[in-house]
Amino acid sequence: MPTNPAGPIMLRLKPRLEWAPGIGPALLAALLFGASTPLAKLLVADISPVLLAGLLYAGSGLGLGFWLLIRRLRPREADAEAGLQRRDVPWLSGAVLFGGVLGPVLLMIGLATTPASAASLLLNLEGVLTAVVAWVVFRENVDIRIFLGMVAIVAGGVLLSWTQTPAAGLPWGALAIAGACACWAIDNNLTRAVSGGDPVQVAAIKGGFAGAINIAAALALGHRLPNGLHLMAAGAIGLTGYGISLVAFVLALRHLGAARTGAYFSTAPFVGARLSLLLLREVPTLSFWIAGGLMALGVWLHVSERHEHEHEHEALEHEHLHTHDDHHQHAHDFPFDETQPHSHPHTHTPMRHSHPHYPDLHHRHGHGS
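Definitions and cut-offs
- Residues numbered from 1 in each chain as written.
- Predicted model: local features only at pLDDT ≥ 70, side-chain atom pairs only at ≥ 80, totals over all residues.
- Heavy atoms only, no water.
- Salt bridge = Lys/Arg side-chain N within 4 Å of Asp/Glu carboxyl O.
- Helix = DSSP H or I, 4+ residues; strand = E, 2+ residues; numbered from the N terminus.
- Buried < 20%, exposed > 50% of the residue type's maximum accessible area, 1.4 Å probe, protein only.
- Core = buried A, V, L, I, M, F, W, Y, C linked by side-chain atoms within 4.5 Å.
- Contact = heavy atoms within 4.5 Å.
- Patch = residues over 30% accessible without salt bridge, like charges linked within 9 Å, V, L, I, M, F, W, Y side chains within 5 Å.
- Areas by Shrake-Rupley, 256 points an atom, 1.4 Å probe, with all protein chains shown as cover.
- Axes fitted to C-alpha atoms, helices over the stretch in contact; angles between N-to-C directions.
- Parallel < 35°, antiparallel > 145°, perpendicular 65-115°, else oblique.
- Left-handed = near helix turned anticlockwise from the far one by under 90°.
- Nonpolar A, V, L, I, M, F, W, Y, C, P; charged D, E, K, R; others polar.
- pLDDT = per-residue confidence, 0-100.
- Expected span 1.5 Å × (residues − 1).

Turning next to the pattern of salt bridges. Enumeration over the complete set of coordinates arrives at three salt bridges. Asp198 is the salt-bridge partner of Arg71, the closest N and O atoms lying 2.2 Å from each other. Separated by 127 residues along the polypeptide, Arg71 in helix H2 (residues 49-72) and Asp198 in the loop between helix H7 (172-192) and helix H8 (199-220) bring together distant segments of the chain. Using a relative accessible area of 4% as the deciding quantity, one classes Asp198 as buried. Across the pair Asp187 and Lys206 runs a salt bridge whose closest N-O atoms are separated by 2.6 Å. Placement of Asp187 in helix H7 and of Lys206 in helix H8 is noted, with a sequence separation of 19 residues between them. Just as Asp187 is buried, Lys206 falls in that class too.

In structure tokens:
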């Protein structure tokens, strides 16, 4: 792509928004995590919440760590993901604390006193809070459709929390699940900062550290490890619902940004609610269906959003897996065999153009009022 030494170049890309590459991973992450909630509910009666959270993440960390070990035994290929860098440590450490330690513990505590179907729908709040943090703290664009979708999802969550209020006191189970969603919202935005790196490495590190911390805390509190069958079940649920799901989620963050990925991920509770009704024989109430309808409306408003305007790319140097698309027209300072996708450090020159886009790795720009 030719460059203009006098200033940014102006391009007009094809105006039609194609199926974004991050949508599939986002929906896969939602499917796997949504299915894990009612399955974890089956174990929470026999395993303490803190210990179960540790075992779920340990299953994720061990399984993905084993896969990383297998990969290291093979020669590095050109299409390998970029590894994490030292500058990623603070972001990843915060993500482990909020998403891998505090969030799962609060979720397990909430599941202990809340029906799994209602808990699954309450998890929609994660997408809402993710968008709020992305919008307010990280200045990611959220337009009117995203805002209206958040309103609908919050209304459904409030309705579920209200109907779960006991005769005296507050709905502590629902509040604990809401707290877990807040922790994961912070986690999602912190993980967004490292989403250009290897998603398996990100998920394995989060799972390994979070699992070790939670298991150590549970043992220190006097909890005992369950029998072998329960250990295997927790590990399998953790590998799929937390590990592979997180790998897909990181890929989605790379292409969609935190708010949009959170919106697609909001479909997870509907998967969990359906499984809860089938596996746990819970009887849905009228408020359950009303709340589900409100949340479905909110999800539809999120996923049907389209965003296009003229924007400017500043000079940027980074490393991630990429192909030579409109945003990656650069030379190589090493022998290049045309393998695509491939990963290497590369520089983006300034550019101005207009096309439909999401706040991905290359579109994290500000928006005028």
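Read on for the rest.
Residues Phe33, Leu52, Leu107 and Met108 are the most contacted members of the largest nonpolar core, which totals 66 residues. Sort the elements by how many residues they give to this core and H2 lands first, with ten residues. Those residues in contact with Leu52 that lie beyond four places of it in its chain are Ala40, Leu43, Val44, Ile47, Met108 and Ala234. Counting residues in hydrophobic clusters, the runner-up holds five residues, among them Ile23, Ala26, Ala252 and Tyr264.

Quick look at the side chain of Thr261 now. Mapping Thr261 onto the fold places it in helix H10 (residues 258-265). Owing to a relative accessible area of 1%, Thr261 belongs among the buried residues under this scheme. Look past the residues within four positions of Thr261 in its chain and what remains in contact with it is Phe249, Ala252, Leu253 and Leu256.

A contiguous nonpolar patch, built from Val132, Trp135, Val136, Val137, Ile144, Phe147, Leu148 and Val151 and spanning about 700 Å² of accessible area, is present on the exposed surface. Elements supplying a minimum of two residues to the nonpolar patch: helix H5 (125-136) and helix H6 (144-163). Sorting elements by how many residues they give to the nonpolar patch places H6 first, with four residues.

Next up on the list: the packing of helix H9 (residues 228-256) against H10. Running from N to C, H9 and H10 cross one another at 135 degrees; their axes reach a closest spacing of 8 Å. Considering their axes alone, H9 and H10 lie oblique with respect to each other. Handedness of the crossing formed by H9 with H10: right-handed. Within the contact between the two elements, H9 uses Ser245, Phe249, Ala252, Leu253 and Leu256 and H10 uses Ala258, Arg260, Thr261, Tyr264 and Phe265. Per-class residue counts for the contact of H9 with H10 are seven nonpolar, two polar and one charged.

This paragraph deals with the confidence of the model for the protein chain. Predicted coordinates in regions of low pLDDT should not be interpreted in detail. For the protein chain, per-residue confidence averages 77 on the pLDDT scale, and residues scoring 70 or more make up 74% of the total. By mean pLDDT, the top-scoring element of the protein chain is H9 (92), and the lowest-scoring one is strand S1 (residues 9-12) (39). Taken together, the stretch residues 1-17 has pLDDT below 50 and engages in 40 contacts with residues farther than four places along the chain or on a different chain. In this model, residues 164-169 is a region of pLDDT below 50 whose contacts with residues beyond four sequence positions or in other chains number five contacts.

Time to look at H5. Here H5 is twelve residues long and its end C-alpha atoms lie 16 Å apart, about the 16 Å a rise of 1.5 Å per residue gives. Among all positions of H5, only Leu125, Glu126, Gly127, Val128, Thr130, Ala131, Val133 and Ala134 are buried.

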